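# Examination of the molecular architecture
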Amino acid sequence: MIATKQQPIKLADGGKRSVRTQFGALCYRYHSDKLQVLLISSRGVGRWVIPKGWPMDEKTPAEASATEAFEEAGVKGKVYETCLGLYSTMREAPGDELIPCIVAIFPMKVKELLDDYPEADERSREWFTPKKAASLIDEPELAQIIRNFDPKTIL
């Protein structure tokens, strides 16, 4: 396998609405030598999810996932450019239209957990073991990625 460096994305005139790819962050830490992953509540329904969002102009996919992790979960840390996998989901668009999305997931080792962040009043966050987190996720593909996550494989 040849390692390549991610390049920033340049969004076309269609903007975010025409793009059906999102980037998510699988935020993790070690607590008492045990691996934990961070889940956040979705807005509205309150399902457990990972931070994710649309591509961002002039940012790599990994950088965009780190920005979403800060905005949605209040975390800062080291994001890796290794894509852990993909999962499919439906995303609500303006006008209550549902659009299919593929989410590419990037691991992020959390170094700082902030109390003040953009979506602090809109979401809950909680640390779980990968096994427990996977059991709380609705998307089977994402649950499998979380269940099988091993940070040693990205270093």
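Here goes a summary of the coordinates provided. (Residues numbered from 1 in each chain as written. Predicted model: local features only at pLDDT ≥ 70, side-chain atom pairs only at ≥ 80, totals over all residues. Heavy atoms only, no water.)

Of the regular secondary structure elements, the protein holds 4 helices and 8 strands. Sequence-ordered secondary structure for the protein, helices as α and strands as β, is α-β-β-β-β-α-β-β-β-β-α-α. Every one of the 155 residues in the protein was classed for burial, and the buried ones make up 45%. (Helix = DSSP H or I, 4+ residues; strand = E, 2+ residues; numbered from the N terminus. Buried < 20%, exposed > 50% of the residue type's maximum accessible area, 1.4 Å probe, protein only.)

This paragraph deals with the pattern of salt bridges. Enumeration according to the criterion identifies 6 salt bridges in this entry. In this structure, Arg 43 and Glu 122 form a salt bridge, with 2.7 Å as the shortest nitrogen-oxygen distance. You can see Arg 43 sitting in the loop between strand 2 (34-41) and strand 3 (48-49) and its partner Glu 122 sitting in the loop between strand 7 (97-113) and strand 8 (125-128), a full 79 residues away along the chain. Residue classification places Arg 43 among the partly exposed residues on the basis of a relative accessible area of 46%. Classification of Glu 122 by relative accessible area gives partly exposed; the value is 40%. Between Glu 119 and Arg 123 there is a salt bridge whose closest N-O contact spans 2.5 Å. (Salt bridge = Lys/Arg side-chain N within 4 Å of Asp/Glu carboxyl O.)

If you look at the biggest cluster of nonpolar residues, it comprises 20 residues, and the most contacted ones within it are Ile 50 and Ile 146. Mapped onto this core, the elements with two or more residues apiece are strand 1 (21-31), strand 2, strand 7, helix 3 (130-136) and helix 4 (140-147). Sort the elements by how many residues they give to this core and helix 4 lands first, with 4 residues. Grouped together as the second largest cluster of nonpolar side chains are 12 residues, Ile 40, Ala 73, Val 75 and Val 110 included. (Core = buried A, V, L, I, M, F, W, Y, C linked by side-chain atoms within 4.5 Å.)

Applying the stated criterion across every chain, the model contains 3 aromatic pairs. Both rings, one in Tyr 28 and one in Phe 149, keep their centres 5.2 Å apart while their planes meet at 65°; by these two values the pair is edge-to-face. Taken together, the positions of Tyr 28 in strand 1 and Phe 149 in the segment after helix 4 put the pair 121 residues apart, joining distant regions of the chain. The exposure class assigned to Tyr 28 is buried, which follows from its relative accessible area of 2%. (Phe/Tyr/Trp six-rings, centres within 6.5 Å; stacked < 30°, edge-to-face > 60°.)

All right, on to unusual backbone geometry then. With a phi close to 65°, Asp 33 is a non-glycine residue in the positive phi region. Along the chain, the position of Asp 33 falls in the loop between strand 1 and strand 2. Phi at Glu 58 takes a positive value of approximately 70°, unusual for a residue other than glycine. Among the secondary structure elements, Glu 58 is positioned in the loop between strand 4 (52-53) and helix 2 (61-73). Assessed through its relative accessible area of 44%, Glu 58 is described here as partly exposed.

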